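Results of the structural survey
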Amino acid sequence: MASETQKTIMDWAEQTFGPVSDQTTLVKRAQIEMEELLEATAGADTDEMGKEAADVLILLMRLAEINNIDLGAAVDAKMRENRLRRWQPAGDGTGTHIKTV
């Protein structure tokens, strides 16, 4: 089977759930899936982490497809921007970018 795309995911979702009437519902559902991912991570359940991360990504891909956003291209563009920024590590594997005036 070929890899899924934003289009194939969108087609499946619309056939299964119907069209999205309010895009914020996708974001709210993604927040629920993020909470489930947090629980799986806290429990060190890597199998469940993969499933929940996929659920989040599926919802984001649907949102991107509705808005004609190529999510892969958006990630590439954002990473180019991130690589040009200066960063302050938080010491926990995350950080914030240093705003220049």
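These lines cover the structure that appears in this document, whether it is placed above or below.

Thoughts on the side chain of Glu33
With respect to the element layout, Glu33 can be found in helix H2 (residues 24-42). With a relative accessible area of 5%, Glu33 lands in the buried category. Here the side chain of Glu33 touches Arg29 through a polar contact of 2.8 Å, side chain to side chain. Apart from the residues lying within four places of it in its own chain, the contact partners of Glu33 are Glu52, Asp55, Val56 and Leu59.

Focus: helix H3 (residues 46-66)
The α-helix winds at 3.6 residues per turn, so residues separated by three or four positions along the chain end up facing the same way. With 21 residues, H3 ought to run about 30 Å at 1.5 Å a step, and its terminal C-alpha atoms sit 30 Å apart, in line with that. Those residues of H3 lying buried are Met49, Glu52, Val56, Leu59, Met61, Arg62 and Ala64.

Quick word on helix H4 (residues 71-84)
Helix length check: H4, at 14 residues, gives a terminal C-alpha distance of 20 Å against a target of 20 Å (1.5 Å per residue), a fit within 8%. The backbone nitrogen of Gly72 lies 3.0 Å from a side-chain oxygen of the residue at the head of H4, namely Asp70.

Topic: the pattern of salt bridges
Inspection of the entire model under this criterion finds 5 salt bridges. The residue Arg29 makes a salt bridge to Glu33 at a minimum N-O spacing of 2.8 Å. Taken together, the residues Arg29 and Glu33, both in helix H2 and 4 residues apart, mark about one turn of the helix. A residue is classified by how much of its surface remains accessible, and Arg29, at 40% relative accessible area, is partly exposed. Note that Arg85 and Glu81 form a salt bridge whose closest N and O atoms lie 2.9 Å from each other. Of the residues examined, Arg85 reaches a relative accessible area of 26% and is grouped as partly exposed. For Glu81, a relative accessible area of 36% puts it in the partly exposed group. Connected through shared salt-bridge partners, Lys78, Glu81 and Arg85 make up one network.

Calculation criteria
Residues numbered from 1 in each chain as written. Predicted model: local features only at pLDDT ≥ 70, side-chain atom pairs only at ≥ 80, totals over all residues. Heavy atoms only, no water. Helix = DSSP H or I, 4+ residues; strand = E, 2+ residues; numbered from the N terminus. Buried < 20%, exposed > 50% of the residue type's maximum accessible area, 1.4 Å probe, protein only. Polar contact = N/O pair within 3.5 Å; in protein donor to acceptor, adjacent residues only side chain to side chain. Contact = heavy atoms within 4.5 Å. Expected span 1.5 Å × (residues − 1). Salt bridge = Lys/Arg side-chain N within 4 Å of Asp/Glu carboxyl O.

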